[in-house]
Amino acid sequence: MNAPDTANDSKPMIQRHIQAGAVCCDTAWEEAYQRFESPEEEIEKFIKRLKSMGLVDRPRNIRVVELFCGRGGGLIALKRLGFTKMEGVDLSETLLLQNKTQARLHLADCRKLPFKDTTVDAVIIHGGLHHLPQLPDDLEQVLFEIHRVLKTDGTFHAVEPWLTPFLRFVHVVVETPWVRKVYDKGDALAVMIEHERETYEQWLNQPTIIRQLLDKYFVSRINRIAWGKLQFTGVKI
Ligand SMILES: C[S@@+](CC[C@H](N)C(=O)[O-])C[C@H]1O[C@@H](n2cnc3c(N)ncnc32)[C@H](O)[C@@H]1O
């Protein structure tokens, strides 16, 4: 049976730190993102990830912030795992408005976080850094901000795409026209890649500098590459 966390029809409360209208991705991308997975599939995936990235070892009353939170599947996953103080940050008001959680939401740019220094216990990203327009500068700025807001023993947990043989294979498959015709999820992924190609390829092509920047701000506890993803958990240096 579904938990009531997805049955909330009231409008989410959004604190606006920037003007609405700043988006990173066009309407076609947002439509494909919503077609790629159902909210329930996405929440299950996030729960598995949060378990494997060690967040579940932390007390449930810590302050957790999810960056690039989109429509909020990750915040629902946190709630189902028992966390009680969650906040989400995203640039897209359209996606924030689809949130069905009681979490506090911030319309803000992750390059300038709307939180005071050393006030957050854990920061999570489920795919967002690969949307940053300027690498490595924007990545450095986001990691600097995460480091600034985290408490001394704060943890950072991120999952991002990573160029492995498996991911190369997925790219070939979903860009095959007949596959796109018969496999809607594959077509959605191909549309997303088409519409984020510049930042996505920029991200996939700079693995060394990305790792160097992660190591500059965090002591890594989990640093694993599998199935075309990097899973990273680090403690603030
Ligand atoms: C791939 S989606 C991931 C959404 C969510 N984490 C998920 O997996 O469902 C990337 C999200 O990053 C947001 N975004 C992109 N650039 C941003 C920025 N500079 N600051 C805040 N959010 C940003 C987009 O609006 C989008 O919701």
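Numbers given to residues run from 1 along each chain, matching the order in which its sequence is written. Local features in a predicted model are, by the rule used here, given only for residues with pLDDT of at least 70; side-chain atom pairs are given and counted only at 80 or more, and totals for whole chains, interfaces and linings are based on all residues. With hydrogens and water stripped out, all remaining heavy atoms of the structure feed into the side-chain values.

### Here's the deal with the sheet that holds strand 4 (residues 104-107)
As a general point, the strands of a sheet are linked pairwise by backbone hydrogen bonds and lie either parallel or antiparallel.
And step 1. Spatially, 8 strands are ordered 1-4-3-2-5-6-8-7 in an open sheet, and the strand pairing comes out mixed. The two strands at the open ends of the sheet, each matched to only one other strand, are strand 1 (14-16) and strand 7 (218-226). Here the average twist between neighbouring strands, direction ignored, is 15°.
And step 2. Helix 2 (residues 39-52) contacts strand 5 (120-126), strand 6 (150-161), strand 7 and strand 8 (229-236) of the sheet and is inclined by roughly 130° relative to strand 5.
And step 3. Across the sheet, helix 3 (residues 73-80) lies against strand 2 (63-67), strand 3 (85-90), strand 4 and strand 5, angled at about 170° from strand 3, the strand it touches most. Paired strands, in this sense, are two strands between which DSSP finds at least two bridges. Only runs of H or I of at least four residues qualify as helices and only runs of E of at least two qualify as strands under DSSP, and these elements are numbered from the N terminus. Every angle, taken between N-to-C directions, lies between 0 and 180 degrees, and every axis is a line fitted to C-alpha atoms, over only the stretch in contact when it is a helix. Here, residues are in contact when the closest pair of their heavy atoms is within 4.5 Å.

### What to know about empty space enclosed by the protein
And step 1. Here the term cavity refers to a set of points on a 1 Å grid, laid over the protein atoms alone, in which a 1.4 Å probe fits but cannot get out; the term pocket refers to an open set having protein on both sides within 12 Å along at least five of seven lines, with lining residues being those that place an atom within 4 Å of a point. Grid points are joined across faces, edges and corners, and a volume is the space filled by probe spheres set on the points. On inspection of all chains with the given rule, the structure shows 1 cavity of 30 Å³ or more.
And step 2. Within this model, the largest cavity holds a volume of roughly 40 Å³.
And step 3. Every residue lining the largest cavity is listed: Leu129, Ala158, Glu160, Trp203, Ile210, Leu214, Leu230 and Phe232.
And step 4. Of all the secondary structure elements, the ones that give two or more residues to the lining of the largest cavity are strand 6, helix 10 (207-217) and strand 8.
And step 5. In this classification, the charged set is Asp, Glu, Lys and Arg, the nonpolar set is Ala, Val, Leu, Ile, Met, Phe, Trp, Tyr, Cys and Pro, and all remaining amino acids, among them Gly, are polar. For the lining of the largest cavity, the residue count by class is 7 nonpolar, no polar and 1 charged.

### A look at the pairing of strand 8
And step 1. Here the term buried applies to any residue with accessible area under 20% of the maximum for its type, exposed to any over 50%, and partly exposed to those in between, with areas from a 1.4 Å probe on protein chains only. Of all the 8 residues making up strand 8, 7 are buried; the element is thus mostly covered by neighbouring parts of the structure.
And step 2. For strand 6 and strand 8, the ladder comprises 7 bridges, and the chain directions are antiparallel. Opposite Glu160, over in strand 8, you have Leu230 as the bridge partner.
And step 3. With 8 bridges connecting them, strand 7 and strand 8 associate as antiparallel partners. Note on strand 8: the bridge partner recorded for Ser220 is Gly234.
And step 4. If you look at the hairpin formed by strand 7 and strand 8, you'll find 2 residues sitting between the two strands, and Trp227 has a positive phi there, around 50°.

### Focus: the packing of helix 5 (residues 137-149) against helix 10
And step 1. Their axes nearest at 10 Å, the elements helix 5 and helix 10 cross at an angle of 20°. As summarised for this structure, helix 5 and helix 10 are arranged roughly parallel, according to the angle between their axes. In terms of crossing hand, the pair formed by helix 5 and helix 10 is right-handed. Two secondary-structure elements touch here, helix 5 through Leu139, Glu140, Leu143, Phe144 and His147 and helix 10 through Ile210, Leu213, Leu214, Lys216 and Tyr217. In what follows, roughly perpendicular refers to angles from 65 to 115 degrees, roughly parallel to angles under 35, roughly antiparallel to angles over 145, and oblique to any angle outside these ranges. Crossings are sorted by hand: turned counterclockwise from the far helix by less than a right angle, the near helix makes the crossing left-handed, and turned clockwise it makes it right-handed.

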